[in-house]
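# Secondary and tertiary structure notes
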Protein chains: 2
Amino acid sequence: MQNRLTIKDIARLSGVGKSTVSRVLNNESGVSERTRERVEAVMNQHGFSPSRSARAMRGQSDKVVAIIVSRLDSLSENLAVQTMLPVFYEQGYDPIMMESQFSPQLVEEHLGMLRRRNIDGVVLFGFTGIREETLRPWRSSLVMLARDAGGMASVCYDDEGAITTLMQRLYAQDHRNISYLGVPHSDVTTGKRRHEAYLSFCKKHALPAVASLPGLAMKQGYDQAASVLTPQTTALVCATDTLALGASKYLQEKRIDSVQLASVGNTPLMKFLHPEIIAVDPGYAEAGRQAAAQLIAQITGRSEPRQIVIPATLA
Amino acid sequence: MQNRLTIKDIARLSGVGKSTVSRVLNNESGVSERTRERVEAVMNQHGFSPSRSARAMRGQSDKVVAIIVSRLDSLSENLAVQTMLPVFYEQGYDPIMMESQFSPQLVEEHLGMLRRRNIDGVVLFGFTGIREETLRPWRSSLVMLARDAGGMASVCYDDEGAITTLMQRLYAQDHRNISYLGVPHSDVTTGKRRHEAYLSFCKKHALPAVASLPGLAMKQGYDQAASVLTPQTTALVCATDTLALGASKYLQEKRIDSVQLASVGNTPLMKFLHPEIIAVDPGYAEAGRQAAAQLIAQITGRSEPRQIVIPATLA
DNA sequence: CTGTTAGCGCCTTCAA
DNA sequence: TTGAAGGCGCTAACAG
């Protein structure tokens, strides 16, 4: 704010030139150990820290990144953001947050604004409907989460592995009539891939497939649970924990306790409310870490855009 | 990034001097209508936007604010942040997010970092244990939420009103044995004030008071529900919806449906999982809007720190 | 190894 | 009503 010190002050106080101070600041080589120590001492003593804006102006980089979540109250995205933040802070990046509310148009508006702001990079939690051309200009400075788009860097969950793991577990527990509650195929990852993994497991093991793909909302899980429960059903796999929450509410209300629920997604809320549900952790925390690391690597030119898949683990 | 235009370019392209462009940019008076229009035309045509860092360097302000939430997955804080973000963006502020995890020490570290970053202002979701002296230096540029601290600006919920509203409603429904599940008094607002409002209502209406104050966590609500349920109890008031979630899990498991649950907090999750619970909305959304507005007003010198109380409304 | 010099993009005098 | 000049704090040549 007011009278902060500048490298000029530090230079004067330690009896060296501005550029020497700058060199110390940036850990550049070519400064004698003695000088460096002296300058560093003065810096600490006065709690000096360089002006971000001045650096940004020279370096062409503000060290600001944006995280666009679909919704702030998405439990799974929260888990990823939680691990992402410390990574950004450690590397000196300011992470600013925005909500897309699942609206492709809002994503466009946000990206437009970020472009004008000359931001360094973006982590975008993907969803259905985002046009590729919206993203293209960001190819080198955007990492998409939970979804892959041609040419863009992405961190995805192992959709097939997650479902297969659940099915195997249930199968090992002698379940032979396993129903499925999921998301429409218009959603490629959470929808199509998970559903297909379910179908393919059923086929391979000659199990009857009973599925419904209502959508992502809790209420949809609640409303559609009935439609996939046959008298034979002994287990129900849900594509997301949100759906599972809806389904379990239905089961509870109907006093049905003969059906084993299983779901992708391992949030604290679920663990508390329904510890009996079998869950695979898609690796939200790890995804967050990797996304942040990948974005920084791209920004700093240490990596090309690349696709990362996080392995799922049984919780 | 690369070859962005600068006011110099705009100046050249519109045949005026840099300072004139600057004047137009800042809506300063003393520019002829014709010149202004011409310059603005060129700006729009090229999608020009001034460099934030250069402005920051001159203006001493980065137009960056921080929002320190206790936890990213706090449902109530999310609701407030959700309304806060658009306000900041509209006014050209970049909101960066941090988690305090209810740790006073983390708050100190974050504030220290923000101080070095020379940030403009902070919205802090308050909790027990934050030392006043930590905050003092921020007096003019911090707004605390959900808690008031001497001299600091704050946006608080009407703790007493919220509880009283719930009690009145239950009383009107002929409940005469109302228990209470809350938070220890070390937490002044959610703990002490709400509990005292409960006690005072009981006293006034000659009702027996049965209360326990385990804490904020869902599990604590679950574990302590039993201790406040007597054979006569017909209603249970919870200080937060998290506690209510825990308590309702307990009631469900015990198959108790003779107890009407009521709680402060009106989150979408609660509305879905337990629409039967009577809830007051403490006004999270409004609190977020007001907090952002108040912070901006303080930063820009248009307001002194002041305490704001949001009225609670029956959901 | 170290200091000097020249900008980065913008805003702010100060003259014209 | 306008333009030219100077400087914000920092980094990147270029000299010593």
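About the cut-offs
- Residues numbered from 1 in each chain as written.
- Chains lettered and ligands numbered in written order.
- Predicted model: local features only at pLDDT ≥ 70, side-chain atom pairs only at ≥ 80, totals over all residues.
- Heavy atoms only, no water.
- Helix = DSSP H or I, 4+ residues; strand = E, 2+ residues; numbered from the N terminus.
- Buried < 20%, exposed > 50% of the residue type's maximum accessible area, 1.4 Å probe, protein only.
- Contact = heavy atoms within 4.5 Å.
- Least-squares fit on C-alpha atoms with pLDDT ≥ 70 in both.
- Core = buried A, V, L, I, M, F, W, Y, C linked by side-chain atoms within 4.5 Å.
- 1 Å grid on protein atoms, 1.4 Å probe; cavity = no way out; pocket = protein on both sides within 12 Å on 5 of 7 lines; lining within 4 Å.
- Points joined across faces, edges and corners; volume = space filled by probe spheres on them.
- Nonpolar A, V, L, I, M, F, W, Y, C, P; charged D, E, K, R; others polar.
- Axes fitted to C-alpha atoms, helices over the stretch in contact; angles between N-to-C directions.
- Parallel < 35°, antiparallel > 145°, perpendicular 65-115°, else oblique.
- Pairing = 2+ DSSP bridges.
- Right-handed = clockwise from strand over helix to strand, strands pointing away.
- Near = heavy atom within 4 Å.
- Polar contact = N/O pair within 3.5 Å; in protein donor to acceptor, adjacent residues only side chain to side chain.
- Buried area = accessible area lost by both parts, 1.4 Å probe.
- Salt bridge = Lys/Arg side-chain N within 4 Å of Asp/Glu carboxyl O.
- UniProt positions renumbered as here; feature names shortened; annotations may be inferred.
- Left-handed = near helix turned anticlockwise from the far one by under 90°.

### Overview of the environment of Asp158(A)
Residues and elements named next belong to chain A. Residue position: Asp-158 is located in the loop between β5 (153–157) and α8 (159–172). With relative accessibility at 28%, the residue Asp-158 sits in the partly exposed group. Along the backbone, Asp-158 and Asp-9 are 149 residues apart, and their C-alpha atoms lie at a distance of 54 Å. When neighbours within four sequence positions are excluded, Asp-158 is seen to be in contact with Val-309, Ile-310, Pro-311 and Ala-312.

### Concerning the relation of the copies chain A and chain B
Once chain A has been moved 0.1 Å along the axis and rotated by 180°, it coincides with chain B to within an RMSD of 0.3 Å. A rotation of that kind, with that shift, is consistent with a two-fold axis. When the interface residues of chain A are mapped onto chain B, 100% of them are again interface residues, pointing to one common binding face.

### Topic: the nonpolar core
In this structure, Phe88(A), Leu114(A), Val122(A), Phe88(B), Leu114(B) and Val122(B) are the most contacted members of the largest nonpolar core, which totals 100 residues. Each residue touching Leu114(B), except ones within four places of it in the same chain, is listed here: Ala66(B), Ile68(B), Ile96(B), Met98(B), Ile119(B), Val122(B) and Trp138(B). Core analysis: the next-biggest nonpolar cluster, separate from the first, contains 79 residues, Ile163(A), Leu251(A), Leu273(B) and Ile277(B) among them.

### Section: the layout of surface pockets
The space that makes up the largest pocket amounts to roughly 1500 Å³. Surrounding the largest pocket, 47 residues form its lining, Ser49(A), Pro50(A), Ser51(A), Arg52(A) and Arg55(A) being those nearest its centre. Secondary structure elements with two or more residues in the lining of the largest pocket: α1 (7–14), α2 (18–25), α4 (52–59) and α5 (75–90) of chain A together with α4 (52–59), β2 (94–99) and α6 (104–117) of chain B. With eight residues, α4(A) is the single largest residue contributor to the lining of the largest pocket. Broken down by class, the residue content of the lining of the largest pocket amounts to 17 nonpolar, 16 polar and 14 charged.

### What about empty space enclosed by the protein?
Applying the stated rule across the entire model yields three cavities of 30 Å³ or more. The wall of the largest cavity is formed by 15 residues, among which Arg52(A), Asp62(A), Val64(A), Asp62(B) and Val64(B) lie closest to the centre. Put simply, the parts of the chain that give the lining of the largest cavity at least two residues each are α4 of chain A together with α4 of chain B. Looking at the lining of the largest cavity residue by residue, the class counts come to five nonpolar, three polar and seven charged.

### What about the packing of α2(A) against helix α3 (residues 33–46) of chain A?
All names here are of chain A. It is the contact of α2 with α3, at a shortest axis distance of 10 Å, that shows an interaxial angle of 85°. Our classification of the angle between α2 and α3 gives roughly perpendicular. The residues of α3 that touch α2, namely those facing Thr-20, Val-21, Val-24 and Leu-25, are Thr-35, Arg-36, Val-39, Glu-40 and Met-43. Taken together, the residues of the contact of α2 with α3 sort by class into five nonpolar, two polar and two charged.

### Regarding the pairing of strand β10 (residues 278–281) of chain B
All names here are of chain B. Of the pairings in the sheet, the one linking strand β9 (residues 260–264) to β10 comprises three bridges and is parallel in character. Each bridged residue has a counterpart across the sheet, and for Ala-262 the counterpart in β10 is Ile-278. A crossover connection joins β9 to the parallel β10 through helix α12 (residues 268–273); in handedness this β-α-β unit is right-handed. Note: β10 against strand β12 (residues 313–314), two bridges, orientation antiparallel. Bridging across to β12, Asp-281 finds its partner in Thr-313.

### A short note on the protein's contact with DNA strand C
Taken together, the neighbourhood of DNA strand C is formed by 28 residues, with Ser19(A), Arg23(A), Thr35(A), Arg58(A) and Ile7(B) sitting nearest. Each atom of DNA strand C within 4 Å of the protein was assigned to sugar, phosphate or base; sugar and phosphate come to 52%. Interatomic distance of 3.0 Å between a side-chain N/O atom of Ser22(B) and a phosphate oxygen of DNA strand C. With respect to DNA strand C, the backbone of Ser51(B) contributes an N or O atom lying 2.9 Å from a phosphate oxygen. Looking at side-chain class alone, the surface near DNA strand C contains eight nonpolar, twelve polar and eight charged residues.

### Structural notes on the interface of chain A and chain B
Between chain A and chain B, the residue contacts involve 44 residues of the former and 45 residues of the latter. Interface area, chain A with chain B, both sides summed: about 4300 Å², of which 59% is carbon and sulfur. Between the two partners, chain A and chain B, sit two salt bridges. We note a salt bridge from Arg117(B) to Asp94(A), for which the minimum N-O separation is 2.9 Å.

### As for the environment of Gly17(A)
Tracing the backbone shows Gly17(A) in the loop between α1 and α2. Put simply, Gly17(A) and Arg139(A) are 122 residues apart on the chain and 41 Å apart in space, counted from C-alpha to C-alpha.

### Looking at the UniProt feature "domain: HTH lacI-type" (unreviewed entry) in chain A
The sites that UniProt annotates as "domain: HTH lacI-type" (unreviewed entry) are residues 5–59 of chain A. Across residues 5–59 of chain A, the secondary structure splits into 69% helix and 0% strand, with the terminal C-alpha atoms separated by 20 Å.

### Looking at the protein's contact with DNA strand D
In the vicinity of DNA strand D, 26 residues are found, and the nearest of them are Ile7(A), Thr20(B), Arg23(B), Thr35(B) and Arg58(B). Here the atoms of DNA strand D within 4 Å of the protein split so that 51% fall in sugar or phosphate, with bases taking the remainder. Contacts to DNA strand D include Lys18(A), whose side-chain N or O atom sits 2.8 Å from a base nitrogen. Going through the elements one at a time, α2 and α4 of chain A together with α2 (18–25) and α4 of chain B are the ones with two or more residues in the surface near DNA strand D. Here the surface near DNA strand D is built from residues that sort into seven nonpolar, twelve polar and seven charged.

### Some thoughts on the packing of α1(A) against α3(A)
All names here are of chain A. One way to put it is that α1 packs onto α3 with a least axis distance of 9 Å and a crossing angle of 120°. Of the possible angle classes, the one that applies to α1 and α3 is oblique. Crossing of α1 against α3: the hand is right-handed. For the pair α1 and α3, contact is made by Ile-10, Leu-13 and Ser-14 and by Arg-38, Val-39, Val-42, Met-43 and His-46, respectively. The class makeup of the residues in the contact of α1 with α3 is five nonpolar, two polar and one charged.

### Here we look at the side chain of Thr83(A)
Residue and element names in this part refer to chain A. Examined against the element boundaries, Thr-83 turns out to sit in helix α5. Since its relative accessible area comes to 15%, Thr-83 is described here as buried. A polar contact of 3.3 Å, which involves the side chain of Thr-83, links it to the backbone nitrogen of Arg-289. Once you skip the residues sitting within four places of it in the chain, Thr-83 turns out to touch Tyr-284, Ala-285, Gly-288 and Arg-289.

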